[in-house]
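Examining the three-dimensional arrangement
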Amino acid sequence: MNLAVATPLDVKLMNMTAMVLLLTFAALGLAAAVRWTSRLPAFDIRAISVEGQVTHNNALTLRANVAPRMSGTFFTVDLARVRAAFEAAPWVRRAVVRRQFPNRLQVVLQEHQAVAYWGGDSESRLINSYGEVFEANVGEVEQDQLPRLNGPEGQGAEVLAMYRALAPLFGPMELTLDQFEISGRGSWRARLDTGAAIELGRGTQDEIIARVQRFLKTLTQVAARYGRRASSVESADLRHENGYAIRLRGVSTLAVDGPKK
C-alpha cells in the first residue's frame, strides 16, 4: 500500500515564497521594459491634428502655442494638460484629445457661439449659447447686432433663459429687447432698441412673462390715446399689481395704480 508523503510546512512556505518572488521580479521586469519602450524616440509626438470648429482660431497657430507646453511620448503625454492648453485659447469652449498610434494626437475643438455681450459697455466679455460667460475679442463677433446682458457672477444662464423667453414677445410690436439685466437684489430690467427703459421687478419667469404680456397687450391702445405709437415709450414700470406706469415722449400717464412689487 502506497501512502502519499505530506510535504512539510516549511517546504510549502519556501515554495510559495519563491513563487511570489519570481512573479514580483517578472512584474518589475515587465514594468521596466514597458517604461523603457514608452520612452523610445519612435513614440515621440510627431503631429497634432486639429479638427472641429476653428472659425476664430488658426489650427497651425494653436499647435505652435500648445507644443512647447507638452512633454512626454505617445504613452506618457498628459492628455488633461494638453486639453487645458487648447481650452485656454480664445474662443475655445471645449477640446477633446485622443491618442493616435504610434505618435500622433487628435484634437477636436468646440468653439463658443456668442449670443450676447455680457457686462458693461467697456467689458470684453461675451455669453455663449449655454449661458457661459467667456473672455474674447469682441471685434471678432460675426453677428452685427447682439443684445447686452448683465447680472451677478454665476447667473449668466439664468439671465439668458429669461431673455430668450421675453425677447420674442416684443417682435409683433416691432420692438427689440436690446439690453437685459438682473440686479443683485433680483430685480429685472430691460432696455429696448428705441431707448425705452422697462422695470420688470422680481419674480419667476412665468410672473415676468405675464407682466410683459399684459403691458404689450394694451400698449398700442394706451399710446394711441395720446396720439403716440408703441415706439414712443420712454420708460415703463411693470411692478404695479394691477397695471403699469408708462412715460411717452411728451406725455406722462399712469395706468391703473397699485402697490409695487
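Details of the structure are given in the entry above.
What this report covers is the structure whose coordinates are included nearby. (Residues numbered from 1 in each chain as written. Predicted model: local features only at pLDDT ≥ 70, side-chain atom pairs only at ≥ 80, totals over all residues. Heavy atoms only, no water.)

**Focus on helix 5 (residues 205–225)**
What counts, and what does not: Helix and strand definitions here come from DSSP, where helices need a minimum of 4 consecutive H or I residues and strands a minimum of 2 consecutive E residues; each element is numbered from the N-terminal end. By this rule the span expected of a helix is its residue count minus one, scaled by 1.5 Å. To sort residues, take the accessible area from a 1.4 Å probe on protein chains only and compare it with the maximum for the residue type: under 20% means buried, over 50% means exposed, and anything in between is partly exposed. Pairs of residues are marked as contacts when any of their non-hydrogen atoms sit within 4.5 Å.
Along its 21 residues, helix 5 runs 30 Å from first to last C-alpha, staying within 8% of the 30 Å computed at 1.5 Å per residue. Along helix 5, the residues that are buried comprise Ile208, Ile209, Arg211, Val212, Phe215, Leu216, Leu219, Val222 and Ala223. The elements touched by buried residues of helix 5 are helix 4 (156–170), strand 9 (188–192), strand 10 (197–201), strand 11 (233–237) and strand 12 (244–248). Backbone geometry just after helix 5 places Gly227 at a positive phi near 70°.

**Some words on the pairing of strand 8 (residues 177–182)**
Applicable threshold: Between any two strands, pairing holds if DSSP finds at least two bridges. Whether a crossover is right-handed comes down to one check: with the strands pointing away from the viewer, does the path from the first strand over the helix to the second run clockwise; if it does, it is right-handed.
Of the strand pairs in this sheet, strand 7 (residues 148–150) and strand 8 are connected by 3 bridges, and their pairing is parallel. Each bridged residue has a counterpart across the sheet, and for Asn150 the counterpart in strand 8 is Glu181. A crossover connection joins strand 7 to the parallel strand 8 through helix 4; in handedness this β-α-β unit is left-handed. Between the antiparallel neighbours strand 8 and strand 9 lie 5 residues, among them Gly186 with a positive phi of about 90°.

**Focus on the pattern of salt bridges**
To keep things clear, this is the line we draw: One side-chain nitrogen of Lys or Arg within 4 Å of one carboxyl oxygen of Asp or Glu is enough to make a salt bridge.
Evaluated as defined, the whole model comprises 7 salt bridges. A salt bridge links Arg125 to Glu153, with the nearest nitrogen and oxygen atoms 3.1 Å apart. On the criterion of sequence distance, the pair formed by Arg125 in strand 5 (residues 125–128) and Glu153 in the loop between strand 7 and helix 4 is long-range, its members being 28 residues apart. Glu153 sits in the exposed class, given a relative accessible area of 60%.

**Digging into helix 4**
Taking 1.5 Å of rise per residue, 15 residues should cover 21 Å, and helix 4 covers 22 Å from first to last C-alpha, within 8% of that figure. Listed as buried for helix 4 are Gly156, Val159, Leu160, Met162, Tyr163, Leu166, Ala167 and Phe170.

**Details of the nonpolar core**
Counted only if it meets this: As used in this record, nonpolar core signifies buried Ala, Val, Leu, Ile, Met, Phe, Trp, Tyr and Cys residues forming a set joined through side-chain atoms within 4.5 Å.
If you look at the biggest cluster of nonpolar residues, it comprises 37 residues, and the most contacted ones within it are Leu149, Leu166, Leu177, Phe180, Ile198, Leu200 and Phe215. Looking at this core, the elements that each hand over two or more residues are strand 4 (114–118), helix 4, strand 8, strand 9, strand 10, helix 5, strand 11 and strand 12. Ignoring anything within four residues of it in the chain, the contact list for Ile198 reads Phe170, Trp188, Arg189, Ala190, Leu192, Phe215, Ala236 and Leu238.

**Regarding the side chain of His112**
This is how the line gets drawn: Under the rule applied, a polar contact is a pair of N or O atoms within 3.5 Å (in protein, one hydrogen donor and one hydrogen acceptor; residues adjacent in sequence only if both atoms are side-chain atoms).
By the element assignment, His112 lies in the loop between strand 3 (104–111) and strand 4. A distance of 3.5 Å separates a polar side-chain atom of His112 from the backbone oxygen of Val92. Non-local contacts of His112, meaning those with residues more than four positions away in its chain, are made with Trp91, Val92, Arg93, Asn128, Glu132 and Phe134.

**Describing the sheet that holds strand 1 (residues 47–52)**
The following threshold applies: Each axis is a line fitted through C-alpha atoms, taken for helices only over the stretch in contact, and angles between the N-to-C directions span 0 to 180 degrees.
Spatial ordering of the open sheet is given by 1-3-2, a layout of 3 strands whose pairing is mixed. Two strands in the sheet have a free side with no partner beyond their single neighbour: strand 1 and strand 2 (92–100). Strand-to-strand, the axes of this sheet are offset by a mean angle of 25°, without reference to chain direction. Sheet topology places strand 1 next to strand 3; 6 bridges connect them, and they run parallel. Its bridge partner being in strand 3, Val50 is matched across the sheet by Val107. Helix 3 (residues 79–87) contacts strand 1, strand 2 and strand 3 of the sheet and is inclined by roughly 145° relative to strand 2.

**Overview of the environment of Ile48**
Within the fold, Ile48 resides in strand 1. For Ile48, a relative accessible area of 10% translates into the label buried. Taking C-alpha positions, Ile48 is 9.6 Å from Ala59, a pair spaced 11 residues apart along the chain. Setting aside its immediate chain neighbours within four residues, Ile48 contacts Arg63, Met70, Phe86, Leu105 and Val107.

**Structural notes on the packing of aromatic side chains**
Short version of the rule: Paired rings are identified among Phe, Tyr and Trp, the last through its six-membered ring, by centres lying within 6.5 Å, and are further divided according to the angle between planes into stacked (under 30 degrees), edge-to-face (over 60) and tilted (the rest). Over a ring means this: the NZ of a Lys or the CZ of an Arg is within 6 Å of the ring centre and within 35 degrees of the ring normal.
Following the criterion strictly, the structure yields 7 aromatic pairs and no others. Taking 5.2 Å as the distance between ring centres and 15° as the angle between the ring planes, the aromatic pair formed by Phe180 and Trp188 counts as stacked. Aromatic ring contacts, followed pair by pair, group Phe74, Phe75 and Phe101 into a single cluster. Positioned over the ring face of Tyr130 is Arg93, at 3.8 Å from the centre of the ring.

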